[in-house]
Amino acid sequence: MEVDVNIDVAWGKLHRSGNQLRWLSLIDHCIDVAAVTHCLLQLPTWRARLSQLAGRPLTETDCWRLTAIAFFHDIGKCSLGFWLKQFDEPSGDPLGARDISVRKQLVQQAKGNLRQCGHTAITLDLESEALIGAASEALPLEEICEQWNGELYLWAAISHHGEPIRPGSYSGQAKAAWTWRRCAQPSYDPIAQLRTLGDAARGLFTPAFAPCTPLPAPEFGDEADDPHNSLIHAFAGLISLADWIASNPAADYFPYDLAPGNGRWPAALSRARCVLRHMRLDIADAGDALRASPPAFGEVFYDGAQRFEPTATQAAMASPQLGQIVIVEDETGAGKTEAALWRFKALLEAGKVDSLALLLPTRVAAVALHKRVEQFLRALFPDEAVRPNSVLAVPGYLVSDGLSGTRLPGFEVLWPDQEAEQSAHRHWAAENSKRYLAAAVAVGTVDQALLGALKSRHAHLRGMCALRSLLVIDEVHASDAYMLQLIEHLLARHQRAGGHALLLSATLGGAARDRLLTPLDVDAQRQRADKPQTTSDYLAVPFPCVSNSNSSLLDTSRPDARQKDVRLRTLPAMSDAQAIAASVARSVRAGARVLVIRNTVAGAIAVQHAIEAELRLDHPALFRCKATVCTHHGRYAAVDRKQMDQAVGEAFGKASSAGARVLVGTQTLEQSLDIDADELFTDLCPVDVLLQRIGRLHRHRYRVRPAEFQWPSATVLIPEQRDLTSYTREHHPARHGIGGIVYSNVLMIEATLRLIESAEDSWRIPADNRRLVEAATNPETLEQLAESLGGPWLDHANAWRGAELAQRNEGDGRALDWTAPFDTWGNNEKAATRLGDPGRLVRVEPTVQSPFGQTLRELQIPQWMLGNVERHEELAGAVQTEAGTTTFTFAQKAYRYSRLGLDAIS
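Criteria and thresholds
- Residues numbered from 1 in each chain as written.
- Predicted model: local features only at pLDDT ≥ 70, side-chain atom pairs only at ≥ 80, totals over all residues.
- Heavy atoms only, no water.
- Phe/Tyr/Trp six-rings, centres within 6.5 Å; stacked < 30°, edge-to-face > 60°.
- Helix = DSSP H or I, 4+ residues; strand = E, 2+ residues; numbered from the N terminus.
- Buried < 20%, exposed > 50% of the residue type's maximum accessible area, 1.4 Å probe, protein only.
- 1 Å grid on protein atoms, 1.4 Å probe; cavity = no way out; pocket = protein on both sides within 12 Å on 5 of 7 lines; lining within 4 Å.
- Points joined across faces, edges and corners; volume = space filled by probe spheres on them.
- Nonpolar A, V, L, I, M, F, W, Y, C, P; charged D, E, K, R; others polar.
- Pairing = 2+ DSSP bridges.
- Axes fitted to C-alpha atoms, helices over the stretch in contact; angles between N-to-C directions.
- Polar contact = N/O pair within 3.5 Å; in protein donor to acceptor, adjacent residues only side chain to side chain.
- Contact = heavy atoms within 4.5 Å.
- Patch = residues over 30% accessible without salt bridge, like charges linked within 9 Å, V, L, I, M, F, W, Y side chains within 5 Å.
- Areas by Shrake-Rupley, 256 points an atom, 1.4 Å probe, with all protein chains shown as cover.
- Salt bridge = Lys/Arg side-chain N within 4 Å of Asp/Glu carboxyl O.
- Lys, Arg positive; Asp, Glu negative; His and termini not counted.
- Charge placed at Lys NZ, Arg CZ, Asp CG, Glu CD.
- Core = buried A, V, L, I, M, F, W, Y, C linked by side-chain atoms within 4.5 Å.
- Disulfide = S-S within 2.5 Å.

Draft legend 1. How the structure looks around the packing of aromatic side chains. What the rule picks out here adds up to 17 aromatic pairs. With a centroid separation of 5.1 Å and 65 degrees between ring planes, the pair formed by Trp-148 and Phe-209 is classed as edge-to-face. With a gap of 61 residues between them, Trp-148 in the loop between helix 7 (141-147) and helix 8 (151-158) and Phe-209 in the loop between helix 10 (190-204) and helix 11 (229-246) connect regions that are remote in the sequence. A residue is classified by how much of its surface remains accessible, and Phe-209, at 23% relative accessible area, is partly exposed. Plain terms: the ring middles of Phe-297 and Trp-342 are 5.2 Å apart, the flat faces sit at 75 degrees to each other, and that makes the pair edge-to-face. Here the residue Phe-297 occupies a position in helix 14 (residues 297-300), and Trp-342 occupies one in helix 16 (residues 336-349), the gap between them amounting to 45 residues. By the ring-pair criterion, three or more aromatic residues cluster together here, those being Trp-64, Phe-71, Phe-72, Phe-205 and Trp-265.

Draft legend 2. Molecular detail of unusual backbone geometry. Here Phe-543 and Pro-544 are connected by a cis peptide whose omega angle stands at 0 degrees. The linkage connecting Ile-765 with the following residue, Pro-766, adopts the cis geometry, with an omega of 10 degrees. With respect to the element layout, Pro-766 can be found in the loop between strand 23 (762-765) and helix 30 (769-777). In this model, Glu-475 sits at a positive phi of 50 degrees, which is unusual for a non-glycine residue. Here Glu-475 lies in the loop between strand 12 (469-473) and helix 21 (481-496). In this model, His-736 sits at a positive phi of 55 degrees, which is unusual for a non-glycine residue. With respect to the helices and strands, His-736 occurs in the loop between strand 22 (713-717) and helix 29 (746-758). What makes His-736 buried here is its relative accessible area of 18%.

Draft legend 3. A look at the layout of surface pockets. Approximately 560 Å³ is the volume found for the second largest pocket. Asp-514, Leu-517, Thr-518, Arg-528 and Ser-551 are the residues nearest the centre of the second largest pocket, which is lined by 21 residues in total. Put simply, the parts of the chain that give the lining of the second largest pocket at least two residues each are helix 22 (510-517), helix 23 (522-530), helix 24 (535-539) and strand 14 (545-548). Taken together, the residues of the lining of the second largest pocket sort by class into six nonpolar, nine polar and six charged.

Draft legend 4. Local environment of the sheet that holds strand 17 (residues 593-597). Overall, mixed pairing links the six strands, which are arranged 20-17-21-22-16-23 in an open sheet. In the strand order of this sheet, the two ends are held by strand 20 (661-665) and strand 23, each with one partner. Each adjacent strand pair in this sheet contributes to an overall mean axis angle of 20 degrees, direction not counted.

Draft legend 5. Examining helix 22 more closely. Most of helix 22 sits inside the fold, with six of its eight residues counted as buried. Those residues of helix 22 that fall on the buried side of the exposure criterion are Gly-510, Arg-513, Asp-514, Arg-515, Leu-516 and Leu-517.

Draft legend 6. Examining the side chain of Lys-77 more closely. The topology assignment puts Lys-77 in the loop between helix 3 (60-71) and helix 4 (80-83). Engagement of the side chain of Lys-77 in a polar contact is seen with the backbone oxygen of Gly-12, the distance being 2.9 Å. Not counting the four nearest positions on each side in its chain, Lys-77 is found in contact with Ala-10, Trp-11, Gly-12, Lys-13, Leu-26, His-29, Phe-82, His-119 and Tyr-188.

Draft legend 7. Representation of a negative patch on the surface. Residues Asp-537, Glu-780, Glu-783 and Glu-787 make up a contiguous surface patch of negative charge. A per-element tally of the negative patch places helix 31 (residues 779-789) first, with three residues. What makes Asp-537 partly exposed here is its relative accessible area of 33%.

Draft legend 8. Summary view of the environment of Ala-604. Structurally, the position occupied by Ala-604 is in helix 26 (residues 601-615). What Ala-604 contacts, discounting residues up to four positions off in sequence, is Arg-598, Thr-631, Val-664, Gly-665 and Thr-666.

Draft legend 9. Region of the structure containing helix 8. Within helix 8, seven of the eight residues are buried, leaving the element largely enclosed by the surrounding structure. Next to the buried residues of helix 8 lie helix 3, helix 7 and helix 11.

Draft legend 10. Structural context of the nonpolar core. Core analysis: the largest hydrophobic core is formed by 137 residues, its most contacted members being Phe-71, Leu-241 and Ile-245. Here this core takes eleven residues from helix 11, the largest share from any one element. If we skip the residues at most four places from it in the chain, Ile-245 touches Val-36, Tyr-253, Phe-254, Val-275, Leu-276, Met-279, Leu-281 and Trp-428. Counting residues in hydrophobic clusters, the runner-up holds 115 residues, among them Leu-470, Ile-694, Val-716 and Ile-861.

Draft legend 11. Up close: the state of the cysteines. The full count for this structure, using the stated rule, is zero disulfides. For the unlinked cysteine Cys-465, the closest cysteine sulfur is that of Cys-39, found at 16 Å. For Cys-465, a relative accessible area of 2% translates into the label buried. Left unpaired, Cys-630 is separated from the closest cysteine sulfur, that of Cys-625, by 5.3 Å.

Shown next, in the form of structure tokens:
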């Protein structure tokens, strides 16, 4: 093996490739991380967010001190236990290849007598009585902790691997006796290595040691409820990002031979500036381009033949003075996405943000929207050199700048433009889900931002990257009480840091609007309690409208707005798949494009079977993916979902051809999708959800439709028995999503059914939106309904209120509160963005071909299918494939995966 090491000093990074071992000293690695930190602190938006959290502008001395603290992020690597790790080889062979064979033998003897350790928690040993004196002499701890007020910053930097290191919490005191001691043979002195770092810091970061106001931070040990806690949390995320960037040894990042000796710091600074610019973490040139030549709305949004004029809502987005939190309410298909993109343009031009995170409720919606965002970026920035990069922030996908990458063995990714300059930099954020929000533009599910608001590993990295973004949360009404509480925590943090957020909805209730505009604001909550808004107050709010955290409201309704009269009828056949199929088949034979959206996967599969029996499996109107007839729901393998999502767009999107077709699915089809149908069959559901499903009807105005379907038509599938009282009980034989875990509030369902029954054949959209939403979701209205129904309905209302309160409390308990002290939280294994156990990801070995021609390596089994499973189980057994269907066993149960998804075999 070819070796390039200096065995007597602390090492920072090792890189093994074939028969070659490359080695970087710890001091050089620390210089690289400090350089990236220093350059991040110079970026205007990053600096502004941190200054806002600090309560005052960060000075240059502050930034130099934070840079110096970042330099010490890896002091644990000076320990003897970590130093020994360099002698491990994956093959089990020692480092070898030394000219002095005696030294090699001594190293092996030392390894036999000593133990290895990590480099973060081991730092706590330096607090011990035996070591604190030596550590203080070696490192500038007095300056950092006493003069700079930087002790908590130091611990935040040391915690850069995603979990907090709590001072005084480490229980491995036995290691202190040996891992920081001097080793004579071979010669290695951990304290001397600390001293080398300390001396280097004093020489490299001289401005940090000049007399100046201390860093803004709570007093150590008395930091509860101190607003400066948020700054410590943010700094932890910044160091995690800087460490990840600086740890890349590629030639165009921070190669081990970047510069020798004292030349490393200026070379690292220069390289950091280039890397951040090429990665598009620094997009100052994009903002400059907009300010130099601001484009008109019609120049950015056009279909090749027509330049569009902005609607009142879209035009309102051009003002950066709207406020930090803005809510846009408008009907589905009215251009809310374009409004969000135009808002990003305005804020970027004004220097208020330097990234965009478009967050949607479902994967399929994110995949579909990413292509539209790519078109927007190309139109807004014709010059590719200044164009922000974009990633599809959906786990399982590997898409950046519209290109699909290929994951190679290890951590490497091959991109189609691999040879292009800066390719590796632009795609870096897409290669790991933890880094998605480091892209200039990220399009994904809302989960990606919420993971930064939870007590989970790398939450600070995600959270810090999000601070500089315009956070756009689409279909915000779709969140349950738990998710809504997490969103409030996310928005409250964003607002405290001076960030901007835009929430989009066609069906948001007034009570939810009030909460989201004043997230976690105790004073606002008290005022609402003292003077509560009535249903009449909420009904008086215009629709569409733009409201914001500055307490202003803009009426964006249009007298000449196009109204969509949706014909409604009910079909009391919720449990009768054959009856539903017969009605669907009549519409298909009449040439209609039909969507069937059911509340449960079981309901969707039952209707699919019945439609196939009615039309025959070879009927050309049946939805297909890769020439295979199928449904669309969440119980498919990730590799197949990619193909299915694309097939939905091809069959029902803007570019889809004319002709009859039918697609059966679940909630995966109801939101944020630009798909168009002539007729909708939908299970009874809450009115806000129903309006979303109706939003898929007649979405594309230009489409030529069969004579029978010139008016949008929705058939609501309702229970055969009108009385819904039985659904309020805990056990009901056929819920179809009503009263169970899907739609637990049966009062909302009852209120929705009453609205349908009272309609005079149709609903007028958007004119009726506000009335419909408030009539079936407003808490005051639902409470009155429960009182009028009495009996079990009152019990159900009380139980539901208790369940909602429990969900909110659960959200508070799992949220990562940046106003709390940094070291008082721990990694929470149960930290999930959505309530409910997601189940188990099961490996399929040997791999098989899926029904859609993909290589099937793993499947997600929902928890309710699993029962009791041993934690270590992860491999499917008895895997067999025949005629496109794969059967397997897991945890003593049998499963089937077919063109209709995953199902348990009874």
